[in-house]
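Listed below are the residues making up each chain.
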Amino acid sequence: MKMMNKILAMTIAMVAMSTNMMAENDNSVLTNDNLQPTGHHAFQPGEDLTFTVKYGFIKGGEGHFFVTDTVIDGKKVQHITVGGRTTGLADKIFKVRDTYESYMDCESQLPLVSLRRISEGKYRYFDRTTYDNNNGQVSIHKENRHGVKDTTETVGRNMLDIVSAFYYARNNNFNATMQMGDTINFSTYFGGQIFPLRIRYQGTEMVDTKWGKINCYKFAPVTEVGRTFKSKDDMHLWITADANRLPVKIEFKMLVGSFTCELTQCKGLAHVAAYGN
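Residues numbered from 1 in each chain as written. Predicted model: local features only at pLDDT ≥ 70, side-chain atom pairs only at ≥ 80, totals over all residues. Heavy atoms only, no water.

1. Looking at the overall build of the chain
Here comes step 1: Within the chain one finds 3 helices and 14 strands.
Here comes step 2: Residues counted as buried form 53% of the 277 residues belonging to the chain.
Here comes step 3: Counted over contacts in the chain with a minimum sequence separation of 6, partners at least 24 positions apart contribute 53%.
Here comes step 4: Carbon and sulfur atoms provide 48% of the accessible area of the chain, an area that totals close to 12,700 Å². (Helix = DSSP H or I, 4+ residues; strand = E, 2+ residues; numbered from the N terminus. Buried < 20%, exposed > 50% of the residue type's maximum accessible area, 1.4 Å probe, protein only. Contact = heavy atoms within 4.5 Å. Areas by Shrake-Rupley, 256 points an atom, 1.4 Å probe, with all protein chains shown as cover.)

Below, the structure is given as structure tokens:
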């Protein structure tokens, strides 16, 4: 059950999947050295997404993605919050309340600050990472049962956190210019380590949703084979093939079974759509 809820929390958090990514020598279309915003804005302040997470037919959790705007050190930023929680029986057995936050500079779309608040069973953890993208450094403040620790590391310029990487891709990478087999390639900083995040494009598919069938881009994040996944293609992500580029479904095929994360409510969209509330 603890393994199920660990994966459940990771599923809800969506881009926390970067902790299980591994680099490959594919035809990469992007690295952090050449990040260049396209000018497209797939989301806006007020966007509010709700997801249901299921293990087979059993509902085990909910996810909530929310965007607001604020100012940090005189810079206009978008504050993105990704929250995940267990529900029902899973909540009674092993309660999960995880929150990931990113403050993205509106111009560069790079993170200025990222936060992680973890509450899983009796485990508690908090960290705050401040990004100095000009000098390629991060300052990390960590709090857990062992105490408080502050460190500074050199990570390279244009580093993304797990949340900003996903929202950056919504703006700039999930689009019709991609060709079958192309790979989006990011370096992300997560949990005190640098992780490669690689997502292969697999064409388009019609996906059944509560609003009917929606045409979507299909992606396969490259997973690490081992204790959790049997193959590198055991995770799939579907993104609406429109200006909003919303995640409508994620599927994990794992050694312990299949998990799905489906969009069930969306408000405050940046672009008019036939779906949503």
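2. Some points on helix 3 (residues 162-172)
Here comes step 1: Of all 11 residues in helix 3, 11 are buried, a share of seventy percent or more.
Here comes step 2: Every buried residue of helix 3 is listed here: I162, V163, S164, A165, F166, Y167, Y168, A169, R170, N171 and N172.
Here comes step 3: Capping the start of helix 3, D161 holds a side-chain oxygen 2.9 Å from the backbone nitrogen of V163, two or three residues further along. (Polar contact = N/O pair within 3.5 Å; in protein donor to acceptor, adjacent residues only side chain to side chain.)

3. Examining the pairing of strand 4 (residues 97-105)
Here comes step 1: Most of strand 4 is tucked away: 7 of the 9 residues are buried.
Here comes step 2: With 6 bridges joining them, strand 4 and strand 5 (residues 111-120) adopt antiparallel strand pairing. Of the residues in strand 5, the one forming a bridge with M104 is P111.
Here comes step 3: Following strand 4, the chain reverses through 5 residues before pairing antiparallel with strand 5; Q109 in that reversal takes a positive phi of roughly 65°. (Pairing = 2+ DSSP bridges.)

4. Examining the side chain of R116
Here comes step 1: Relative to the assigned elements, R116 resides in strand 5.
Here comes step 2: When its relative accessible area of 13% is taken as the criterion, R116 is described as buried.
Here comes step 3: Beyond its immediate stretch of four places on either side in the chain, R116 contacts T99, Y100, Y125, F126, D127, F190 and G191.

5. Side note on the confidence of the model for the chain
Here comes step 1: Chain-level pLDDT for the chain is 85 on average; 83% of the residues reach the 70-or-more range.
Here comes step 2: pLDDT under 50 marks residues 1-6. Its contacts with residues more than four places away, or in other chains, come to 9 contacts.
Here comes step 3: Across residues 8-30 the pLDDT falls below 50, and counting only partners more than four positions away or on other chains, this stretch makes 93 contacts in the model. (pLDDT = per-residue confidence, 0-100.)

6. So, the packing of aromatic side chains
Here comes step 1: Applying the stated criterion to the full structure yields 11 aromatic pairs.
Here comes step 2: When the ring of Y168 is compared with that of F186, the centres are 5.9 Å apart and the planes differ by 90°; the resulting orientation is edge-to-face. Taken together, the positions of Y168 in helix 3 and F186 in strand 9 (residues 183-190) put the pair 18 residues apart, joining distant regions of the chain. Taken as a pair, Y168 and F186 share a single burial class, namely buried.
Here comes step 3: With a centroid separation of 4.7 Å and 45° between ring planes, the pair formed by F174 and F219 is classed as tilted. With F174 in the loop between helix 3 and strand 9 and F219 in strand 11 (residues 212-221), this pair connects stretches of sequence that are 45 residues apart. (Phe/Tyr/Trp six-rings, centres within 6.5 Å; stacked < 30°, edge-to-face > 60°.)

7. As for the environment of L263
Here comes step 1: Looking at where L263 falls in the secondary structure, it is placed in strand 14 (residues 257-267).
Here comes step 2: The residues contacting L263, other than those within four sequence positions of it, are L49, T50, F51, W211, L246, P247 and V248.

8. Structural notes on the pattern of salt bridges
Here comes step 1: As enumerated under the stated definition, the model contains 8 salt bridges in all.
Here comes step 2: Ionic pairing is found between R117 and E101, a salt bridge with its closest N-O pair at 2.2 Å. Residue R117 is found in strand 5, and its partner E101 is found in strand 4; the two are separated by 16 residues along the sequence.
Here comes step 3: Residue K213 pairs with D208 through a salt bridge whose shortest N-O separation is 2.8 Å. A single burial state applies to K213 and to D208, both of which are exposed. (Salt bridge = Lys/Arg side-chain N within 4 Å of Asp/Glu carboxyl O.)

9. As for the side chain of D161
Here comes step 1: By the secondary structure assignment, D161 is in the loop between strand 8 (147-154) and helix 3.
Here comes step 2: Buried within the structure, D161 lacks any salt-bridge partner; R116 is the closest side chain of opposite charge, at an N-O distance of 9.6 Å.
Here comes step 3: A distance of 2.8 Å separates a polar atom in the side chain of D161 from a polar atom in the side chain of S102.
Here comes step 4: At a separation of 2.9 Å, a polar atom in the side chain of D161 contacts the main-chain amide nitrogen of V163.
Here comes step 5: For D161, the contacting residues outside a window of four places in its chain are S102, P111, S114, Y131, T188 and Y189. (Lys, Arg positive; Asp, Glu negative; His and termini not counted.)

10. Quick look at the pairing of strand 9
Here comes step 1: Among the 8 residues of strand 9, 7 are classified as buried, and the element is accordingly described as predominantly covered.
Here comes step 2: By the bridge criterion, 8 bridges tie strand 9 to strand 10 (residues 193-209) in an arrangement that is antiparallel. Bridge pairing in strand 10 places T183 opposite R200.
Here comes step 3: Following strand 9, the chain reverses through 2 residues before pairing antiparallel with strand 10; G191 in that reversal takes a positive phi of roughly 65°.

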